[in-house]
Amino acid sequence: MQVNYKSTRDNQKEYKSSYCIVSGIAEDGGLYVPTGFPHIGKPFPDLMTMDYRELAFYVMSKFLPDFSKRELKNCIAKAYDDKFSSKEIAPLVKRGPYYFLELFHGPTLAFKDMALSILPHLLKTSVKKLDIRKKIVILTATSGDTGKAALEGFSGIEGTEIIVFYPKEGVSKIQERQMVTQQGPNTHVIAIAGNFDDAQAKVKEVFADKGFRGKLALNGCIFSSANSINIGRLIPQIVYYVYAYAKLLGRGEIRGGEKINFTVPTGNFGNILAAYYAKKIGTPINKLICASNINNVLYDFINTGVYDKNRDLILTSSPSMDILVSSNLERLLYEISGNNSSIIKDLINRLNSKGRYEINKEMKKKLSSFYGGYSTEEDTLDAIRFAYDNLNYLIDTHTAVGFDVYRKYLEETKDNSKNVIVSTASPFKFPASVIEAIGRKIEAKDEITLIDKLSEISKTKVPENIKDIGKKPVLHNKVIQKEGMKQIISDILSV
Ligand SMILES: *Cc1c(COP(=O)(O)O)cnc(C)c1O
């Protein structure tokens, strides 16, 4: 079976994967989705012996049939190399009875590196394949981690320009510092006075603006996206779910065919959607536990079938999950509606006009493989302390949301299937909350100095990639109103 892609809002036209990677979002505003799901094709005992790169090639080649073997292998080799501090790339660790899939060993200490270290290479390859002789402009809104991971991935990549917008008050000091110290002549970082949803909505609007795109094209530029709406980000994320399953099997923790659960700290619904796709291709998965922080729109949605963003966005200690409009949910809606693009258009129209929609009964039934839970600020900090005291394991705030929700799930359902908690960031990225959680006093105001303090308290080494962050010069310092986003893009590109 050859996989192509369609827009969630138009199931007539089909596109090749390389085309979708370059364009990011469909012209009608929909998201690209596979026309079908290939089966994983090999029994897990055969996958068990593959290392991360081999497995990445095996899984990704099914979704990127227009890439040659050589092209894809080349992209993978460039992405998953020694910029990851762990040879395993995505180590699966067991602490007490709990399994954690650590996805934070890349250059920016968050799971976004898993996809954003390869996206630039997929994109560059796609541009070459399609013979596009234009500069690719990556336009991205970030809730903190995507921005830095995208900047790191695209910095210095020939033929690209990257512009990142972040909410001035909506990211942590360390996340901000990581971004504003970014080097590379093709990198641009701009703070906006607003929250993540404002930034994301505006980026989507600029993308959909035909006039503006036309003007860019005349000047030899085209837009693309590094947000998780790009299938070039989604596909690499499927790999680690298959990998985690193969690891459990290889270590004799599960029997062949035994179904497991994954708990995923969720914001834009990208990571958990990749888990759902892994399930669709035949990974034995039972429940996908969707963990939200107090911005619990998805918890409500999974439990009631009503998606309602009419509420205030609350800034939490897990900023990368402070999101009210989870873009990738549209892809799940497409699947559970039986690929019905007119239903999707209707739901999205309601979301845009009323901020709310309700799915029908049949769709709701198909949500049964998901469990939705959420963690309050207090619960999140308690979970960090619990892990530290009882498992001697330091986790970050996002992972803690997952850990807390998993423990609530266990308590509520008594489902003792094996479960893997997806560990999305290093505790060193959020030291203030982590130190507070484990009951130590914070003297310093500046979070950056707390990195060393956390290292001292926990007797763990500071990850190499964040060590000198306090010493790097600030290279980006623009703050604008969201209304000015289009203008600043024009200025940067001189169009
Ligand atoms: C982005 C992010 C999330 C949320 O992932 P989504 O794919 O947006 O659901 C969770 N944790 C961390 C640390 C992140 O950076």
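Residues numbered from 1 in each chain as written. Predicted model: local features only at pLDDT ≥ 70, side-chain atom pairs only at ≥ 80, totals over all residues. Heavy atoms only, no water.

Undergrad: Help me understand the sheet that holds strand S7 (residues 160-167), please; the structure alone is not making it clear to me.
TA: The strands that make up a sheet pair up through hydrogen bonds in the backbone, lying either parallel or antiparallel. Strand order in the open sheet made by the five strands is S9-S6-S7-S8-S16, with parallel pairing throughout. This sheet does not close on itself; its edge strands, each paired only once, are strand S9 (221-224) and strand S16 (478-481). With strand direction ignored, the average angle separating the axes of adjacent strands in the sheet is 30°. (Pairing = 2+ DSSP bridges. Helix = DSSP H or I, 4+ residues; strand = E, 2+ residues; numbered from the N terminus. Axes fitted to C-alpha atoms, helices over the stretch in contact; angles between N-to-C directions.)

Undergrad: Any chance you could explain the site of the ligand here in plain terms?
TA: Lining the immediate surroundings of the ligand are 15 residues, of which Lys112, Asp145, Gly267, Asn268 and Asn271 lie closest. The contact in question runs from an oxygen atom of the ligand to an N or O atom on the side chain of Lys112, over 2.6 Å. Interatomic distance of 2.9 Å between a backbone N/O atom of Asn271 and an oxygen atom of the ligand. In isolation the ligand has 390 Å² of accessible area, and contact with the protein removes 98% of it. Most atoms of the ligand, that is more than half of them, are within 2 Å of grid points of the largest cavity. Of the residues contributing to the shell around the ligand, the split by class is five nonpolar, eight polar and two charged. (Near = heavy atom within 4 Å. Polar contact = N/O pair within 3.5 Å; in protein donor to acceptor, adjacent residues only side chain to side chain. Areas by Shrake-Rupley, 256 points an atom, 1.4 Å probe, with all protein chains shown as cover. 1 Å grid on protein atoms, 1.4 Å probe; cavity = no way out; pocket = protein on both sides within 12 Å on 5 of 7 lines; lining within 4 Å. Sits in = over half its atoms within 2 Å of the grid points. Nonpolar A, V, L, I, M, F, W, Y, C, P; charged D, E, K, R; others polar.)

Undergrad: Looking at this structure, I do not really get the pattern of salt bridges. What am I missing?
TA: When charged atoms on two side chains of opposite charge get close, those side chains can pair. Inspection of every chain in the model, using the stated rule, returns 23 salt bridges. For Lys135, the salt bridge identified is with Glu161, shortest N-O distance 2.8 Å. Here Glu161 lies in strand S7 and Lys135 lies in strand S6 (residues 135-141), a separation of 26 residues in the sequence. Across the pair Asp308 and Arg356 runs a salt bridge, and its minimum N-O distance is 3.8 Å. Of the two residues, Asp308 is situated in strand S12 (residues 306-308) and Arg356 in strand S13 (residues 356-358); the sequence distance between them amounts to 48 residues. (Salt bridge = Lys/Arg side-chain N within 4 Å of Asp/Glu carboxyl O.)

Undergrad: Please clarify how the sheet that holds strand S11 (residues 285-292) should be interpreted in this entry.
TA: Taking strand neighbours across the sheet as the criterion, the six strands line up as S4-S5-S15-S10-S11-S14 in an open arrangement whose pairing is mixed. The open sheet has two free edges, formed respectively by strand S4 (92-95) and strand S14 (370-374), since each of these has just one partner strand. Mean inter-strand twist for the sheet, computed between neighbouring axes without regard to direction, equals 25°. The pairing of strand S10 (residues 260-265) with strand S15 (residues 419-423) spans three bridges and is parallel. Among the inter-strand pairings, Phe262 is bridged to a residue of S15, identified as Val420. Along the sheet, helix H11 (residues 231-250) contacts S4, strand S5 (98-102), S10 and S15; its crossing angle with S10, the most-contacted strand, is approximately 135°. (Contact = heavy atoms within 4.5 Å.)

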